[in-house]
Amino acid sequence: MVFNSTTIKRVFLATCLLLLVTGCKFGRNHDDGVIKIRLAHPMAPGNNVTLGYEKFAELVNKKSGGTIKVEVYGSSMLGSDRVAMESVQRGSLEMASSSSPNMANFSPYFMIFDLPYITDIKYQQKIYNALDDGPLGSFFNRLGEEINLKPIMFSEYGYRNFVTTDKPISTVDTLKKLKVRVTASPVEIEVANALSMSPTPIAWGETYTAMQQGTVDGEGNTFSLLSDAKHDEVIRYAVDSRHNYSMHILMVNKDYWHDLPDNAKKIINEAAHEALIYQRSITASLERKVEQKFLDQGIKVHKLTPDELAEYKAKTRPVWDLFADRIPPELFTMVQEIQQ
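Quick look at the structure, then.

Reading guide: rules and limits
Residues numbered from 1 in each chain as written. Predicted model: local features only at pLDDT ≥ 70, side-chain atom pairs only at ≥ 80, totals over all residues. Heavy atoms only, no water. Helix = DSSP H or I, 4+ residues; strand = E, 2+ residues; numbered from the N terminus. Buried < 20%, exposed > 50% of the residue type's maximum accessible area, 1.4 Å probe, protein only. Polar contact = N/O pair within 3.5 Å; in protein donor to acceptor, adjacent residues only side chain to side chain. Contact = heavy atoms within 4.5 Å. Patch = residues over 30% accessible without salt bridge, like charges linked within 9 Å, V, L, I, M, F, W, Y side chains within 5 Å. Areas by Shrake-Rupley, 256 points an atom, 1.4 Å probe, with all protein chains shown as cover. Salt bridge = Lys/Arg side-chain N within 4 Å of Asp/Glu carboxyl O. Lys, Arg positive; Asp, Glu negative; His and termini not counted. Charge placed at Lys NZ, Arg CZ, Asp CG, Glu CD. Pairing = 2+ DSSP bridges. Phe/Tyr/Trp six-rings, centres within 6.5 Å; stacked < 30°, edge-to-face > 60°. Lys NZ or Arg CZ within 6 Å of the ring centre and 35° of its normal. Axes fitted to C-alpha atoms, helices over the stretch in contact; angles between N-to-C directions. Parallel < 35°, antiparallel > 145°, perpendicular 65-115°, else oblique. Left-handed = near helix turned anticlockwise from the far one by under 90°. Nonpolar A, V, L, I, M, F, W, Y, C, P; charged D, E, K, R; others polar. Arc of directions from axis to C-beta. Right-handed = clockwise from strand over helix to strand, strands pointing away.

**Details of the side chain of Thr-164**
Okay, so step 1: For Thr-164, the location among the structural elements is in strand E4 (residues 149–164).
Okay, so step 2: Exposure remark for Thr-164: the relative accessible area of 1% places this residue in the buried category.
Okay, so step 3: A distance of 2.5 Å separates the side chain of Thr-164 from the backbone oxygen of Lys-167, its partner in a polar contact.
Okay, so step 4: Once you skip the residues sitting within four places of it in the chain, Thr-164 turns out to touch Ile-169, Leu-178, Asp-217, Gly-218, Val-234, Ile-235, Arg-236 and Tyr-237.

Right, here's the structure in full:
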C-alpha cells in the first residue's frame, strides 16, 4: 500500500465515516455482552507501534475469552493524531494513539519528551523503568486525569533521524537553511531553529507529498516509520542524528475507563504490559533492517562520529532553557536522573 496523498485522503474519509456511523458515546454495551473498544492510530502497517497494538488486541481477546474485543484502525489520519486524540477526549472514540510531540497540544508538560537528547540508547532501560513503574509514569497518570485521558501504553517509537530528498547531510553545518518538516510541537520547532534550519509544521499525512513536491527538503523520523510509510521512495540522504526520542502514547477516555468493570481493567492492563514488552523487543531489530534497506536502495546514510554527535548535542542544548519555565521542575529532575 503506497501512502501517497490519494491514499491518505481515502483513509481519512473512511475513518471519518466510521466515526460518524459508530460515534455514539461509549458504545461498549452490546446485546451480545461483548465489550468493544475502538483503537485508532496513525502508524503504517508493519511499524513497531502498529505491531504492538495488534499484539495488544490479540492478547485482550485471548485473556478475556472473547468478551473484550479491541478493534484496531491503523493509518487513521484524521487530519493528525491530535484530532483522533481529541475524539477520545470528547468520548466519541474509546482509544487513540498520539506521538509525544502531538500530545503537547493537550498539555505543555508532554514537551518534556521532545527535548533534544533527553535520553540515549544506553539509558533505554532507565526510561522504561521510569515510565512503567517509576515517577515519570505516575506523573503522566495524574496529568491524564486532568485532561480526561488515561495512559494505557507508553509505546516505544524510537529515535528520530534527519533525512532529505536531494541535499547530502552529515554534520551540523550541512543542515543550514534546510526546509524541514516538523510537527506543531514548540520544542521541535526550536530544535530546528537551533540547527539553523527552517521549520515548517506539516501534518504527518501530508508529509510524503510535501517531500515529493519540494515544499520541504527533509524531515526527522525513525528510519523504520519512514520506510513503512513509503517515504523512502523520495528520500536520498540520511544521518543518524538521534536528535529526538519519540513515543506513541495510547490513551483511553478517562470516564469510559472508570466505568469499565474491574476485571476488564485488569485484563486490559495485563495485555498492554505484555504487548509493550513485545513491541519494545522488536524495535531495534526493525530499525537495523530498515537502515540496511536504505543502503540497498542507494540512500546514503551518514553515521555520526562521537565528535559530530557531540556538536549536535551542544547546538540543541539551549532549547532546554527556552522551556524551563513551562515544564515543572520535578519533570526536569526525573529526566536528569535518567541521563545519569
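**A closer look at a negative patch on the surface**
Okay, so step 1: There is a patch of like negative charges on the surface, built from Glu-145, Glu-146, Asp-255 and Asp-259.
Okay, so step 2: Secondary structure elements with two or more residues in the negative patch: helix H6 (135–146) and helix H10 (254–259).
Okay, so step 3: Look at Glu-146 and you get exposed, because its relative accessible area is 64%.

**Some words on the pairing of strand E7 (residues 218–221)**
Okay, so step 1: Both faces of E7 are covered, namely the face carrying Gly-218 and Gly-220 and the face carrying Glu-219 and Asn-221.
Okay, so step 2: Relative to E7, E4 runs antiparallel, the two being bridged by four bridges. Within the sheet, the bridge partner assigned to Asn-161 lies in E7 and is Asn-221.
Okay, so step 3: Bridge count for strand E5 (residues 179–182) against E7 is two bridges, and the pairing is parallel. Directly across from Val-180, in E7, lies its bridge partner Gly-218.

**Observations regarding the packing of aromatic side chains**
Both the distance between ring centres and the angle between the ring planes are used here to describe each pair of aromatic rings.
Okay, so step 1: In the structure shown here, the tally under the stated rule is seven aromatic pairs.
Okay, so step 2: A centroid spacing of 4.9 Å and a plane angle of 35° characterise the contact between Phe-110 and Phe-140, whose relative ring orientation is tilted. Residue Phe-110 is found in the loop between helix H4 (100–103) and helix H5 (124–132), and its partner Phe-140 is found in helix H6; the two are separated by 30 residues along the sequence.
Okay, so step 3: Pairwise contacts between aromatic rings join Tyr-109, Phe-110, Phe-113, Phe-139 and Phe-140 into one cluster.
Okay, so step 4: Over the face of the ring belonging to Tyr-128 we find Arg-280, whose NZ or CZ atom lies 3.9 Å from the ring centre.
Okay, so step 5: Looking at Arg-317, its charged tip hangs above the ring of Trp-320, at a distance of 3.9 Å from the centre.

**What to know about the pattern of salt bridges**
Oppositely charged side chains can pair when the atoms bearing their charge come close.
Okay, so step 1: Evaluation of the coordinates by the stated rule reveals 14 salt bridges.
Okay, so step 2: Notably, a salt bridge pairs Arg-242 with Asp-240, separated by 3.5 Å at the nearest N-O pair.
Okay, so step 3: For Arg-242, a relative accessible area of 23% corresponds to the partly exposed category.
Okay, so step 4: Looking at Asp-240, the relative accessible area reads 8%, which means it is buried.
Okay, so step 5: Salt bridges linked by common partners bring Lys-63, Lys-266, Glu-270 and Glu-274 together as one network.

**Overview of the packing of helix H2 (residues 48–63) against helix H11 (residues 262–296)**
Packed helices, taken two at a time, are described by their axes: the angle between them and the distance between them.
Okay, so step 1: Between H2 and H11, the least distance of the axes is 8 Å, while the angle of their chain directions is 150°. Taken together, the axes of H2 and H11 are roughly antiparallel relative to one another. The element H2 and its partner H11 pack so that their crossing is right-handed. Two secondary-structure elements touch here, H2 through Asn-48, Val-49, Leu-51, Gly-52, Lys-55, Phe-56, Leu-59, Val-60 and Lys-63 and H11 through Ile-267, Ile-268, Glu-270, Ala-271, Ala-272, Glu-274, Ala-275, Tyr-278, Gln-279, Ile-282, Thr-283 and Leu-286.
Okay, so step 2: For the contact of H2 with H11, the residue count by class is 13 nonpolar, four polar and four charged.

**As for helix H3 (residues 81–90)**
Okay, so step 1: Those residues of H3 lying buried are Asp-81, Ala-84, Met-85, Ser-87 and Val-88. The buried residues of H3 occupy an angular sector of 150° when projected down its axis, which confines them to one face.

**Section: a positive patch on the surface**
Okay, so step 1: A contiguous patch of positive charge, built from Lys-167, Lys-176, Lys-177 and Lys-315, is present on the exposed surface.
Okay, so step 2: Considering the arrangement of structural elements, one finds Lys-167 in the loop between E4 and E5.

**Digging into the pairing of strand E6 (residues 198–201)**
Okay, so step 1: Where E5 meets E6, four bridges bridge the pair, whose relative direction is parallel. By the bridge assignment, Lys-179 is partnered in E6 with Ser-198.
Okay, so step 2: One crossover worth recording links E5 to the parallel E6 by way of helix H7 (residues 186–194), and it is right-handed.

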